[in-house]
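Now for the letters of each chain:
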Amino acid sequence: MSPLRPKTEHQVRREVAEVSRLIWERGWVANHDGNVTARLSPGRLVATPTGLSKRVIDRETLLVVDDTGSVLRGRMKPFSELGIHRVVYRARPDVGCVLHAHPPYATARAAAGAALPSFLPEAVVSIGAETPVVPLAMPGPDAEAAIEPFVREVDAVLVEGNGVFSWGDDPEQAFLRMELVEHLARVAHLAESRGGLRELPREMVQTLLKKRAAAGLGPEGRAGR
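Residues numbered from 1 in each chain as written. Predicted model: local features only at pLDDT ≥ 70, side-chain atom pairs only at ≥ 80, totals over all residues. Heavy atoms only, no water.

Draft legend 1. Here's a closer look at the overall build of the protein. Looking only at helices and strands, the protein features eight helices and eight strands. For 225 residues, the compact-globule estimate of 2.2 N^0.38 gives 17 Å, and the protein sits close to it at 17 Å. Oriented by its inertia axes, the alpha-carbon framework of the protein measures out at about 50 × 45 × 30 Å. A burial count over the protein gives 45% of its 225 residues as buried. Taking all contacts inside the protein whose residues are at least 6 apart in sequence as the whole, residues at least 24 apart take part in 64%. As displayed, the protein has an accessible area near 11,600 Å², and 53% of this comes from carbon and sulfur atoms. Averaging the locations of the 29 positively and 28 negatively charged side chains of the protein gives two centres separated by 4 Å. (Helix = DSSP H or I, 4+ residues; strand = E, 2+ residues; numbered from the N terminus. Rg over C-alpha atoms; globule rule 2.2 N^0.38 Å. Buried < 20%, exposed > 50% of the residue type's maximum accessible area, 1.4 Å probe, protein only. Contact = heavy atoms within 4.5 Å. Areas by Shrake-Rupley, 256 points an atom, 1.4 Å probe, with all protein chains shown as cover. Lys, Arg positive; Asp, Glu negative; His and termini not counted. Charge placed at Lys NZ, Arg CZ, Asp CG, Glu CD.)

Listed below in structure tokens is the structure:
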């Protein structure tokens, strides 16, 4: 099988714009909330600009920035949380997209400091044993330092005071992971109002994590690639 061709800048811009509009359509962002980046090439990212609704993002409004956050192409300014995205890319060479939004149910859990435990087998295979909470931190270097310990272990986090971050091979995978986190948070909310969540037995979770690794997912799966 021949290797996949690298995506063109046009393709990457289109995918980032599509996901940006999709998170707005889902009601996961409001006002100027949320941000999306995708790896274009070593040292270069396509990024959404600051101060613009995700509803109106298109290929032309997107920026190209370098490793330091300097704008290489585009007329607007980059968003202030770009440093968090750069933390993910530095720690995870496999990641091609980072997505940040405020899906309501998952963001509510983040605000409450309540991680999402394992209660659906399919979700353990897809995103791991739990979706952890990153502790509250001031925006900037403190927030970047707070998220860094989680990046190598998981592909999505709840961030206290800051919604949800997810990452993946490309914008589609990063979106699907955030979609699953929000779905799980909604199910958890409904279950907790009906007597509480019943978490999966530890032995079942360990078996499912082996299946996850066999699928090339999670830290163990990536190590075996």
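Draft legend 2. Geometry of helix α3 (residues 104-112). Taken residue by residue, α3 has Ala-106, Thr-107, Arg-109 and Ala-110 as its buried positions. Considered in projection along α3, the buried side chains sweep an arc of 155° and stay on one side of the axis. Exposed and oriented more than 90 degrees from the buried face of α3 are Ala-111 and Ala-112. In this structure, the buried residues of α3 make contact with β5 (97-101), β6 (133-134), β7 (156-159), β8 (163-168) and α6 (171-192). (Arc of directions from axis to C-beta.)

Draft legend 3. The arrangement of the side chain of Thr-37 in detail. By secondary structure assignment, the location of Thr-37 is in strand β1 (residues 35-41). A polar contact is formed between the side chain of Thr-37 and the side chain of His-85, at a distance of 2.8 Å. Apart from residues no more than four positions distant in its own chain, Thr-37 is found in contact with Val-46, Ala-47, Phe-79, Leu-82, His-85, Tyr-89, Gly-96, Cys-97 and Val-98. (Polar contact = N/O pair within 3.5 Å; in protein donor to acceptor, adjacent residues only side chain to side chain.)

Draft legend 4. Quick look at the layout of surface pockets. Taken as a whole, the second largest pocket spans an internal volume of roughly 220 Å³. Listed by contribution, the elements that provide at least two residues to the lining of the second largest pocket are α7 (202-214) and α8 (218-223). Broken down by element, the residue count for the lining of the second largest pocket peaks at four residues, all from α7. In the lining of the second largest pocket, the residues fall into seven nonpolar, two polar and five charged. (1 Å grid on protein atoms, 1.4 Å probe; cavity = no way out; pocket = protein on both sides within 12 Å on 5 of 7 lines; lining within 4 Å. Points joined across faces, edges and corners; volume = space filled by probe spheres on them. Nonpolar A, V, L, I, M, F, W, Y, C, P; charged D, E, K, R; others polar.)

Draft legend 5. Layout of the packing of aromatic side chains. On inspection of all chains with the given rule, the structure shows one aromatic pair. On the basis of an interplanar angle of 25° and a centroid distance of 5.3 Å, the ring pair of Trp-28 and Phe-175 is categorised as stacked. A residue pair is termed long-range when its members are at least 10 positions apart, and Trp-28 in the loop between α1 (9-25) and β1 and Phe-175 in helix α6 qualify at 147 residues. In terms of burial, Trp-28 and Phe-175 fall into one category: buried. Its guanidinium or amino end placed over the ring of Trp-24, Arg-55 lies 5.9 Å from that ring's centre, counting from NZ or CZ. (Phe/Tyr/Trp six-rings, centres within 6.5 Å; stacked < 30°, edge-to-face > 60°. Lys NZ or Arg CZ within 6 Å of the ring centre and 35° of its normal.)

Draft legend 6. A look at the pattern of salt bridges. This structure, assessed with the given rule, holds 11 salt bridges. Of the charged contacts, one joins Glu-18 and Arg-14 as a salt bridge, the two residues approaching to 3.8 Å between their closest N and O atoms. With Glu-18 and Arg-14 both in helix α1 and four residues apart, the pair spans about one turn of that helix. Since its relative accessible area comes to 31%, Arg-14 is described here as partly exposed. Between Asp-155 and Arg-212 there is a salt bridge, with its nearest N and O atoms 3.2 Å apart. With a gap of 57 residues between them, Asp-155 in the loop between α5 (141-151) and β7 and Arg-212 in helix α7 connect regions that are remote in the sequence. Residue Arg-212 is classed as buried on the basis of its relative accessible area of 4%. Residues joined in a network through salt bridges with shared partners are Arg-92, Asp-94, Asp-155, Arg-177 and Arg-212. (Salt bridge = Lys/Arg side-chain N within 4 Å of Asp/Glu carboxyl O.)

Draft legend 7. Highlighting the sheet that holds β6. The strand order across the open sheet formed by eight strands is β4-β3-β2-β1-β5-β8-β7-β6, and the pairing between neighbours is mixed. Each end of this open sheet is capped by a strand with a single partner; those strands are β4 (71-73) and β6. When strand β3 (residues 63-66) meets β4, the two strands line up antiparallel, connected through two bridges. What sits directly across from Val-64, in β4, is Arg-73. Against the sheet, α1 makes contact with β1, β2 (44-47), β3, β4 and β5, and its axis sits at roughly 165° relative to β1, the strand it touches most. Contacting β1, β5, β7 and β8, α6 runs over the sheet at an angle of about 140° to β8. (Pairing = 2+ DSSP bridges. Axes fitted to C-alpha atoms, helices over the stretch in contact; angles between N-to-C directions.)

That is the geometry; function is a separate question.
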